[in-house]
Structure formats: C-alpha cells, structure tokens
Amino acid sequence: MALAPARIAMPAEARKGDIIEIKALIRHPMETGYRADARGQSIPRDIIESFVVTYAGVEVFRMELNPGISANPYVVFSTVATETGELVFTWTDQKGAATVERKQITVTG
Amino acid sequence: MARERSECVSALSAAMLLLLAGWPGAPAQAEEPASAPTSGTSLLSPDLKAMQDDDFANPGMLWIGEGEKLWQAKSASGKDCASCHDDAAKSMKGVAARYPAVDTEAGKPVNLEQRINFCRTRHMGEQPFAYESGDLLSLTAYVAYQSRGLPMNVETGGAAAPFFERGKALFTMRQGQLNLACSQCHVDLAGRRLRGDIISHGVGVGYPVYRLEWQGLGSLHRRLRSCSFGVRAVQNDYGADDYVNLELYLAGRARGLPIDTPAIRK
C-alpha cells in the first residue's frame, strides 16, 4: 500500500483567500469483497478506508471510503489558500498501511 | 412493457445470430465498407472522452508514471532502459507506431511487449516480465505513450507480408461455437449497436488501454482473449503467434490513425 502510485494536481501558488481546487488520484484495486474468482473462491476485501489532507498541520479534508467507491479513486475538493505551507495527503487502507504524498504551496498577499 | 421489450430484443438477437451463423468454416465477407476504420475513441461518451483527454484524471497515467520509474530501474547487470535508450521522450517517439514488427532473430513479428522483454533478456541479462504483469503493462504503456498522437505506420510488406496475410485470414475466419468472424461485427456491423454498446472497428490504437470493465490497464492480447471468449472460441495464450499476427493485421488496418495510449474504454 505504501508503494501505491498516487498523483496530485494543485496550484503551486495562490493569493491569500483564493479558493483552490485540488485533485488526487491513487492506484488501488478497491476490491469490494463481494466478488468471486473463476473458481468460485471469494476474493477478499482490500480497500482504502480513509483519505485525509492536512494543510500546515490543520485538517482541511477527510473522506471515508467504502467498497462502493470504484478502483483507482479520483477525488476533487477545494480549500482556501491561507498561508505558505505543506499539504500532506494520507491514504490509509483497511490494514492501516498508508500512502503519503506532500505538496508545497506558496501563498502571496 | 419491460417484458415485451426484452422478448423483442432476444428475438432480434436470435434473428441476428441466425443471419450471421453460416456454414462452419465458410469465410465471411471481407470487404471494408466505404468508411475507413476509426478509433474507438470516437465512440466514447463526452464524459469518458474528457477523462481520456485529462492527463491527470486518466487512470492509465498511473501506470505510465510507474513505467517512467521502471525505465530508470537498474537491473542486476547495472543497466536500465535509459543506459541504451536515454530519454524515452526522444528515443521512443514513433516506436509504437511501427509495432508489431518482424524481429530478425526470432524470425517472426513481435509486439511492443515482446520487444521490451527481448531487450531485458538479450541486452540487460534479466528475466522477461510476465505477460500482463503490472511491470510489463507499465513499461509498454510508457513506451507507447511517447508516440501518442502519431499515426500508425507498421510495415506490412516484405518480411512481414506472410504474417500480415495470416492475420488477415484470422480476421475473416469464422471461429468458435458462435461461428463468427471478427469482420462480421467489426467491418459489416461497425457503428451498429450490440446490446448497450456501439460496435467499434476493432482498431486497437489506444493500447494498453484502461478498461472500466477491468478497472485497470490491460493489453491488446487481453482484449483479444475476451473477443475469443465472446464467440466461445478457444482463447490463445498471451503472446501467442496468432494473436500477434492478428495484431499486425489490425495495425495495418489502422494505418494513419493516431495512437491514443492510454485510451479509456468501457
């Protein structure tokens, strides 16, 4: 899980008070646990359970994921540019393994 | 109302199957219609087309990101792809447009996946990647992506000619329990509906493709295996000669069409 490729798109710079849109995509099978393989054996559930984003240490976005979310979940959310700092994106799966990505934003004005 | 409709649909499907099902072994019509083949991209809904065009949201890009890392992953011999091929954006540009191509050492055409594995075994002292493994898909997608937008331009004459003819014969040969040839749907009925889908020309310029049904990236051979399954024919193995010959024929048919990798399909 820690090796799951993830991509983030967000502006590198913004003016203070601007609403910025952030897109996040991670590669993950999001196996529901309700499918069976060709032999009829149940394929065990394997999903990401939470996606949390902090901005300069403050949580700005939290999402609980469930088996209804498709594979390779694509999330778009917005937040307000408040200060220059680091955004930390953490995806945690059902076993507790996490993928973490970090992005810097420079806020002017 | 729903019952009437489903009965109507199944009667229609049965009628269509009866029409198409001919004597076993009889070759089907092979004439290409006046309209040249077009890529399946033209059949996508506006939402899916937007997703395919968005380099961020296109899930296939996740594999291409991995391919980029693999390009620089050092093998046991200390070599990586970049050792010989340097910057993929320059060296791999146009490569996917001319594959499958005849490999002189193997004496037959090989596709991009097989060529990458030859590089690993012949020049890097490595084991080949398993066909359809995440690593091979990522690297193939990365290489094909460098030719995105370029027109397909495979060599179908010379050494490739007998294999191209074999591919053409396979394309027009009735197969499987349903006794259908590729051309019956993908030439004669292209553009018409099959249940909820519109039948494409079966061109294959977007591969490896992110298929919603697979919820992941897959190769052309995976799709061809589905096609074989669809007519209840025996599925060939990944990398089978006949699938490569067919791939060569499809690539020849697609001449001039721009490469779409990584495409999104249903």
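Overview of the structure. Sequence order as written defines the numbering, with residues in each chain counted from 1. Going through the entries in the order they are written, you letter the chains from A and number the ligands from 1. In keeping with the predicted nature of the model, local features appear solely for residues at pLDDT of at least 70, side-chain atom pairs appear and are counted solely at 80 or more, and the whole-chain, interface and lining totals rest on all residues.

### Quick notes on the overall build of chain B
Spelled out, the test is: Note on conventions: DSSP H or I runs of at least 4 residues are helices, E runs of at least 2 residues are strands, and numbering of each starts at the N terminus. The burial criterion counts other C-beta atoms lying within 10 Å of a residue's C-beta, which is placed from the backbone; the residue is buried at 20 or more, exposed at 12 or fewer, and partly exposed between these limits. What counts as a contact here is a pair of residues whose C-beta atoms, placed from the backbone, lie within 7 Å.
What chain B contains, in helices and strands, is 11 helices and 7 strands. For chain B, buried positions account for 36% of its 266 residues. The long-range fraction of contacts in chain B, counting pairs at least 24 apart against all pairs at least 6 apart in sequence, stands at 73%.

### Some words on the sheet that holds strand E3 (residues 19-26) of chain A
All names here are of chain A. So the rule is basically this: In this description, strands pair whenever DSSP reports at least two bridges between them. Under this scheme, a helix contributes an axis fitted over its contacting stretch, all axes are lines through C-alpha atoms, and angles between N-to-C directions fall in the 0 to 180 degree range.
Across the sheet, which stays open at both edges, the 3 strands sit in the order E1-E3-E6 with antiparallel pairing between neighbours. Across the chains shown, the open sheet's two edge strands, defined by having one partner strand only, are strand E1 (6-9) and strand E6 (74-80). Taking the axes of each pair of neighbouring strands and ignoring which way they run, one obtains an average angle of 20° across the sheet. With 4 bridges connecting them, E1 and E3 associate as antiparallel partners. What sits directly across from Arg 7, in E3, is Leu 25.

### Concerning the packing of helix H6 (residues 112-123) of chain B against helix H7 (residues 134-145) of chain B
All names here are of chain B. Convention followed: Throughout this description, any angle smaller than 35 degrees is read as roughly parallel, any larger than 145 degrees as roughly antiparallel, any in the 65 to 115 degree range as roughly perpendicular, and the remainder as oblique. Gly counts as polar in this scheme, as do all residues outside two lists: the nonpolar Ala, Val, Leu, Ile, Met, Phe, Trp, Tyr, Cys and Pro, and the charged Asp, Glu, Lys and Arg.
In the contact formed by H6 and H7, the axes pass within 10 Å of each other and the chain directions differ by 110°. As judged from the angle between their axes, H6 and H7 are roughly perpendicular. Note on element contacts: H7 touches H6 through Leu 136, Leu 139, Thr 140, Val 143 and Ala 144, opposite Leu 112, Glu 113 and Ile 116. Looking at the contact of H6 with H7 residue by residue, the class counts come to 6 nonpolar, 1 polar and 1 charged.

### Focus on H7 of chain B
An α-helical segment advances 3.6 residues per turn. Residues three or four places apart therefore align on the same side. All names here are of chain B. What counts, and what does not: Every helix has an expected span of 1.5 Å times one less than the residues it contains.
Helix length check: H7 (12 residues) gives 16 Å between terminal C-alpha atoms against 16 Å at 1.5 Å per residue, within 8%. In terms of burial, H7 is largely enclosed, as 10 of its 12 residues are buried. Along H7, the positions that sit buried rather than exposed are Leu 136, Leu 137, Ser 138, Leu 139, Thr 140, Ala 141, Tyr 142, Val 143, Ala 144 and Tyr 145.

### What about the pairing of strand E7 (residues 85-93) of chain A?
Relative to E7 of chain A, strand E4 (residues 48-55) of chain A runs antiparallel, the two being bridged by 7 bridges. Each residue of the ladder has a partner; that of Ser 50 of chain A, found in E7 of chain A, is Thr 92 of chain A.

### Quick notes on the interface of chain A and chain B
With 11 residues of chain A in contact, the opposing surface of chain B contributes 9 residues. Contributions of two or more residues to the side of chain A that touches chain B are made by E1 and E3 of chain A. Classifying every residue of the side of chain A that touches chain B by side-chain character gives 6 nonpolar, 2 polar and 3 charged.

### A short note on the nonpolar core
Residues and elements named next belong to chain B. Rule in force here: Only buried residues count toward a nonpolar core: Ala, Val, Leu, Ile, Met, Phe, Trp, Tyr and Cys, linked into one set through C-beta atoms within 7 Å.
Counting residues in hydrophobic clusters, the biggest one holds 65 residues, and the most contacted among them are Ala 141, Val 143, Met 152 and Leu 248. By residue number, the principal contributor to this core is H7, which donates 8 residues. The residues touching Leu 248, leaving out its near neighbours within four places in the chain, are Pro 100, Pro 109, Val 154, Ala 160, Phe 163, Phe 164 and Gly 167.

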